[in-house]
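# Residue-level structure breakdown
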Amino acid sequence: MSPDDSTPRSLFDKVWDAHQVKAETAETPGVLYIDLHLIHEVTSPQAFSALAARGLKVRRPDRTLATIDHSTPTLDFKAGEAPPYATRAAQLQVERLEVNAASNSIPLHGWGSEYRGVVHVMGPELGATQPGMTVVCGDSHTATHGAFGALAFGIGTTEVGHVLASQCLLQRKPKSLRVTVNGRPGRGVSAKDIVLAIIARLGIDGGTGSVIEYAGEAIEALDMEGRMTVCNMSIEAGARAGMIAPDETTFAWLKGRKLAPKGAAWDEAVTRWSQLASDPGARFDREIEMDASEIAPMVTWGTAPDTGISIGGHVPDARSASHQKALDYMQFEAGQPIAGTKVNQVFIGSCTNSRITDLRQAAEIMRGRQVAPGVRALVVPGSVQVRQQAEAEGLDQIFVAAGAQWRQPGCSMCIAMNGDRGEAGELVVSTSNRNFEGRQGPGARTVLASPATAAAAAVTGLITDPRSLMEPAHV
Amino acid sequence: MSDNPASLAHLHSRTFLLPQEDIDTDQIIPARFLTTTTQDGLGKLAFHDWRYDEDGKARDDCALNTLDTGEFAILVAGRNFGCGSSREHAPWALHDFGVRAVISSEIADIFRSNAAKNNIVPILAPPHSHAWLLEHEGVEVKIDLERQYVDLGNGPGFHFEIEPFAKHCLIEGTDPLGFLLSHSDDITAYEACSA
Ligand code: SF4
C-alpha cells in the first residue's frame, strides 16, 4: 500500500515507507529494514547466544556498530593495566562483547578507541547516524538519534537477535504525535528544560504507542546537541521515538564526520535528506503546542521523569497514593519551594547531557567558583571525543579547579552499574534522564536538571536557579 | 486449541497485586544486576529492592517473599506498568519468578512487546475491571487468549486487545525469528535495490 505522490506525508511516514521490506497485514506485522544497529555490552550477550544456539550468522556486521559504556569504570588507569571494573561480572560482560564483536567481524569502539563513548553519543559523533535512516539499539534512549531525522528506537534483546540475524524487525506502524514548541526560550533555559516541560505536559505515558515529531521555532533554533537532548527523553513520555526534521544545522554538524558521505556522495545525500521534512498538510494522530517563552529552568520533584516543575515552583500536593509514595521517597513536603533543597551529589553526564555544549554550559557556571563543602560533583564526558574537545578548551581545568571530578567517558551515575552511584538518602542533582527509585543507587534520591542547574547546585550545595549565577554579559 | 505444551491459550490462576502506578523496570530488576550474560535464574532478583533490605536479608513485611506463584501467576499492577528501560531482563525476571500474565490499565510499549516474546501475556483492562481487580486481591481469573477474554467470575469480565501475531506466537509457540527469516529473499531484494 504505497500512498500516491500527492498525499502529504510526515517525516516519520517517509522514513517508515522507505524501509518496508514487507507491508503489515491484519495477521502479521510488517518487515522493517534497519540501516544501523548499535550494540553495547548489557543487552547483547543473550542475543549472540541465541544466534549461536541456532547456528545463525550476523547478516550485516557492516551495519552493526558496538561500544562499551554501561558497565565500564570511569576512573583513570594506566596503559597496559586492567580497567578498574567495579565487579567481576562487569568485566566478564565487557569481555563477552569483545569476543562476540571479534568473532562476528563487528566494529567495536572498545578500550583504546578514540571513539569509545556512550552509545548514543558515539553514533552521531562518528557520522554513523544519518538523516532518513532506521536506527535501533537494545536501549530505550535510542530515540536520541532521531535528532538527525532518523527513525530510531529501543528494542529488547530478543529483537537485538532478530536484527543481528536478519537486519530487520517485525513492526506495526506506531501512531504519530507532533509537539510544536513556538517562540524562543528565555536566558538560561536549555534543551533539557524544554524537554522536561514537554514530558511534564504529556505525562509519563502520554506518548505511549507514538512516534513524536518535535517542531516549531524553539526546536529549529536548537543546536544538534540540544536536539539530541530533546529526542533522547522521548521514551520518558512513553514514546517509541522522537524525530526532528533535518536542516542546515544538521548537515553542517554531520559534514566531514568519519562515516558521513564524502564528495559527490555528500551532495547527493544532502539533496535526498532535504526532502525528508514533513510536507505541509501532513497528518498526525495527535498534536500539541507549547510556548517556549513560558518555560523556566526545570527540576523534578518525584520518582518519574514527568514530575518536572519550574525551579521557582513549589512541590505539588500528592494527587494519588503513588505521588505520596514519591514524596516520601524524595523526602519532600508538598508545598515546599524546591529551590534551596540541600544537595549531596551532582552528576553531569549521560546520553542526555554529556556533549560538548552541555559541558560548556556547566563550566560557565563553575568557572572561578568552588564546589560547596560536602558536595561531590562528577563530570563524565559522553565520549573520548567529547573529553578531548573539552580538554582542548580547558573545561577540565575549570571543573578540577572548582573541586569536581573529571572522569573518563561512560554511562556512570546515570544507571549506577559501574560503581559510580549515590548512597541511600543522598540527594543527587543529575543531568541524566531517569529519577526512578534506586536508579542511581539503592535509596538515592534523584532530581533531574540541566547542566547549568546541576552546576549551580554543585557550587551552592543547594537546588539553585542557574540564572542567578550567570554573568550579566550573558543577559 | 494448540498442541504446544507451553501454550498460554488458556490460563487459570489467581492474582497478586502491585497497585502502585508507573512501576518502572528499575523496580522490576535494578540496573546493577544487568551485568549478567545469561537470562536464567533472574526470578530471585525480581523486585529485589522491595524484597530485600540493604544487607540482602528478605524483608518480613514484603508479601512477594512468601508468594506462591504456582497458585498466583497473574500480576495485577497499577497503571503504566513496565515503563522505563528496554531491558528484557524485566520479563525474564518476572517469568522466572512465576508470572504468566500482567493485567493493568496501561502497560509501557517496549515492556509489552518484550513480555509477549517471553511467554507473559500482557493484558490491558478497561478502567472498571482494573479497579475491580485492584479491590479483589487473590481472585481466580480465567484468561482465554484465543477468545481474548478475561473471566473474573463475579467480577466484570472483559475482552482485551492483543496484536494478532503476538497472540499467534503465544498460543502456538511460533518463533518470530523463524518467521522473519522466511523473508530472506525479500530482504536480499530490498538490500539490492536500496544499496
Ligand atoms: S547514559 Fe544512561 S540512559 Fe544513556 S545509554 Fe547510558 S545508561 Fe542508558
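Per an unreviewed UniProt entry, chain B goes by 3-isopropylmalate dehydratase and derives from Maricaulis salignorans. Under the heading Function (unreviewed entry), UniProt records this for chain B: "Catalyzes the isomerization between 2-isopropylmalate and 3-isopropylmalate, via the formation of 2-isopropylmaleate." Check the Sequence similarities (unreviewed entry) section of the UniProt entry for chain B; it says "Belongs to the LeuD family. LeuD type 1 subfamily."

Within an unreviewed UniProt entry, the label attached to chain A reads 3-isopropylmalate dehydratase large subunit, and the organism entered is Maricaulis salignorans. In its Sequence similarities (unreviewed entry) section, the UniProt entry covering chain A states "Belongs to the aconitase/IPM isomerase family. LeuC type 1 subfamily." Under the UniProt heading Function (unreviewed entry), the note attached to chain A is "Catalyzes the isomerization between 2-isopropylmalate and 3-isopropylmalate, via the formation of 2-isopropylmaleate."

Attention now goes to the interface of chain A and chain B. Counting residues at the interface gives 59 residues for chain A, matched by 52 residues for chain B. Together chain A and chain B conceal approximately 4500 Å² of surface at their shared face, both sides included; 58% is due to carbon and sulfur atoms. Our count for the contact surface shared by chain A and chain B stands at eight salt bridges. Between arginine 60 of chain A and glutamate 191 of chain B there is a salt bridge; the shortest N-O distance is 3.0 Å. Here chain A is connected to chain B by 25 residue pairs in polar contact (both at pLDDT 80 or more). Going through the elements one at a time, strand E1 (20–22), strand E2 (30–33), helix H2 (45–53), helix H3 (88–103), helix H5 (157–166), strand E8 (168–171) and helix H11 (321–330) of chain A are the ones with two or more residues in the side of chain A that touches chain B. With six residues, H5 of chain A is the single largest residue contributor to the side of chain A that touches chain B. Looking at side-chain class alone, the side of chain A that touches chain B contains 23 nonpolar, 21 polar and 15 charged residues.

The next subject is the environment of threonine 453 of chain A. Residue and element names in this part refer to chain A. Note that threonine 453 resides in helix H15 (residues 451–460). Sequence-wise, threonine 453 and threonine 64 are 389 residues apart; in three dimensions their C-alpha atoms are separated by 36 Å. A distance of 3.0 Å separates polar atoms of two side chains, one belonging to threonine 453 and the other to serine 450.

Right, let's get into H3 of chain A. Residues and elements named next belong to chain A. In a regular helix each residue adds 1.5 Å, so 16 residues correspond to 22 Å; H3 covers 22 Å between its end C-alpha atoms and thus fits that length. Three or more residues of H3 are buried, namely Ala90, Gln93, Val94, Leu97, Asn100 and Ala101. For H3, the arc enclosing every buried residue in end-on projection is 125°, short of the 170-degree limit, so these residues lie on one face. Away from the buried face of H3 by more than 90 degrees, exposed residues Arg88, Val99, Ala102 and Ser103 are located. Phi turns positive one or two residues past the end of H3, at serine 105, with a value near 55°.

All names here are of chain A. Contact geometry of helix H6 (residues 191–202) with helix H8 (residues 224–232) gives a least axis separation of 8 Å together with a crossing angle of 25°. The pairing of H6 with H8 is recorded here as roughly parallel in orientation. In the packing of H6 onto H8, the handedness of the crossing is right-handed. On H8, the residues touching Ala191, Lys192 and Val195 of H6 are Gly226, Thr229 and Val230.

Turning our attention to the side chain of aspartate 139 of chain A. By secondary structure assignment, the location of aspartate 139 of chain A is in the loop between strand E6 (134–137) and strand E7 (151–154). In this structure, aspartate 139 of chain A is buried with no salt-bridge partner, the nearest side chain bearing the opposite charge being arginine 434 of chain A at 6.6 Å. Those residues in contact with aspartate 139 of chain A that lie beyond four places of it in its chain are His40, His70, His120, Gly154 and Ile155 of chain A together with Ser86 of chain B.

In this section: the pairing of E6 of chain A. Residues and elements named next belong to chain A. Burial of E6 is two-sided: the residues Thr134 and Val136 facing one way and the residues Val135 and Cys137 facing the other way are all buried. Note that strand E3 (residues 36–39) and E6 share three bridges and pair parallel. When the sheet's bridge partners are listed, leucine 38 is paired in E6 with cysteine 137. Where E6 lies against E7, four bridges are found, and the strand directions are parallel. Its bridge partner being in E7, threonine 134 is matched across the sheet by leucine 151.

We now examine the pattern of salt bridges. Applying the stated criterion to the full structure yields 30 salt bridges over all chains. For aspartate 279 of chain A, the salt bridge identified is with lysine 14 of chain A, shortest N-O distance 2.8 Å. Within this pair, whereas aspartate 279 of chain A is found in the loop between helix H10 (263–273) and strand E12 (286–291), its partner lysine 14 of chain A is found in helix H1 (residues 11–18), the two being separated by 265 residues in sequence. For aspartate 279 of chain A, a relative accessible area of 26% translates into the label partly exposed. Aspartate 49 of chain B is the salt-bridge partner of arginine 32 of chain B, the closest N and O atoms lying 2.6 Å from each other. Highlighted residues: arginine 32 of chain B in the loop between helix H1 (25–28) and helix H2 (48–51) and aspartate 49 of chain B in helix H2, separated in sequence by 17 residues. The partly exposed category is assigned to arginine 32 of chain B, whose relative accessible area is 27%. The exposure class of aspartate 49 of chain B is partly exposed, given its relative accessible area of 21%.

What follows concerns the sheet that holds strand E4 (residues 64–67) of chain A. Residues and elements named next belong to chain A. Taking strand neighbours across the sheet as the criterion, the five strands line up as E5-E4-E3-E6-E7 in an open arrangement whose pairing is parallel. The two strands at the open ends of the sheet, each matched to only one other strand, are strand E5 (108–109) and E7. Two elements, E3 and E4, share three bridges in a ladder whose sense is parallel. The partner of histidine 37 across the bridge, within E4, is threonine 64. Strands E3, E4, E5 and E6 of the sheet are contacted by helix H4 (residues 119–126), whose axis makes an angle of about 130° with E4.

Residue and element names in this part refer to chain A. By the assigned domains, chain A splits into domain 1 (11–172), domain 2 (175–247 + 278–293) and domain 3 (300–474). Averaged C-alpha coordinates put domain 1 and domain 2 at centres separated by 25 Å. With 21 residues of domain 1 at the contact, the number on the domain 2 side is 21 residues. When the two sides are added together, the surface that domain 1 and domain 2 hide from each other amounts to roughly 1700 Å², 64% of it contributed by carbon and sulfur. Considering only the side of domain 1, the residues that lose the most area to domain 2 are Leu11, Phe12 and Ala147, jointly responsible for 33% of the buried surface there. Taken together, the links from domain 1 to domain 2 amount to one salt bridge. Our enumeration of links across domain 1 and domain 2 arrives at eight residue pairs in polar contact (both at pLDDT 80 or more). Those elements that place two or more of their residues in the side of domain 1 that touches domain 2 are H1, H4 and E7. For the side of domain 1 that touches domain 2, the per-class residue count stands at 12 nonpolar, eight polar and one charged.

Scoring rules and cut-offs
- Residues numbered from 1 in each chain as written.
- Chains lettered and ligands numbered in written order.
- Predicted model: local features only at pLDDT ≥ 70, side-chain atom pairs only at ≥ 80, totals over all residues.
- Heavy atoms only, no water.
- UniProt positions renumbered as here; feature names shortened; annotations may be inferred.
- Contact = heavy atoms within 4.5 Å.
- Buried area = accessible area lost by both parts, 1.4 Å probe.
- Salt bridge = Lys/Arg side-chain N within 4 Å of Asp/Glu carboxyl O.
- Polar contact = N/O pair within 3.5 Å; in protein donor to acceptor, adjacent residues only side chain to side chain.
- Helix = DSSP H or I, 4+ residues; strand = E, 2+ residues; numbered from the N terminus.
- Nonpolar A, V, L, I, M, F, W, Y, C, P; charged D, E, K, R; others polar.
- Expected span 1.5 Å × (residues − 1).
- Buried < 20%, exposed > 50% of the residue type's maximum accessible area, 1.4 Å probe, protein only.
- Arc of directions from axis to C-beta.
- Axes fitted to C-alpha atoms, helices over the stretch in contact; angles between N-to-C directions.
- Parallel < 35°, antiparallel > 145°, perpendicular 65-115°, else oblique.
- Left-handed = near helix turned anticlockwise from the far one by under 90°.
- Lys, Arg positive; Asp, Glu negative; His and termini not counted.
- Pairing = 2+ DSSP bridges.
- Domains from an automatic or database assignment.

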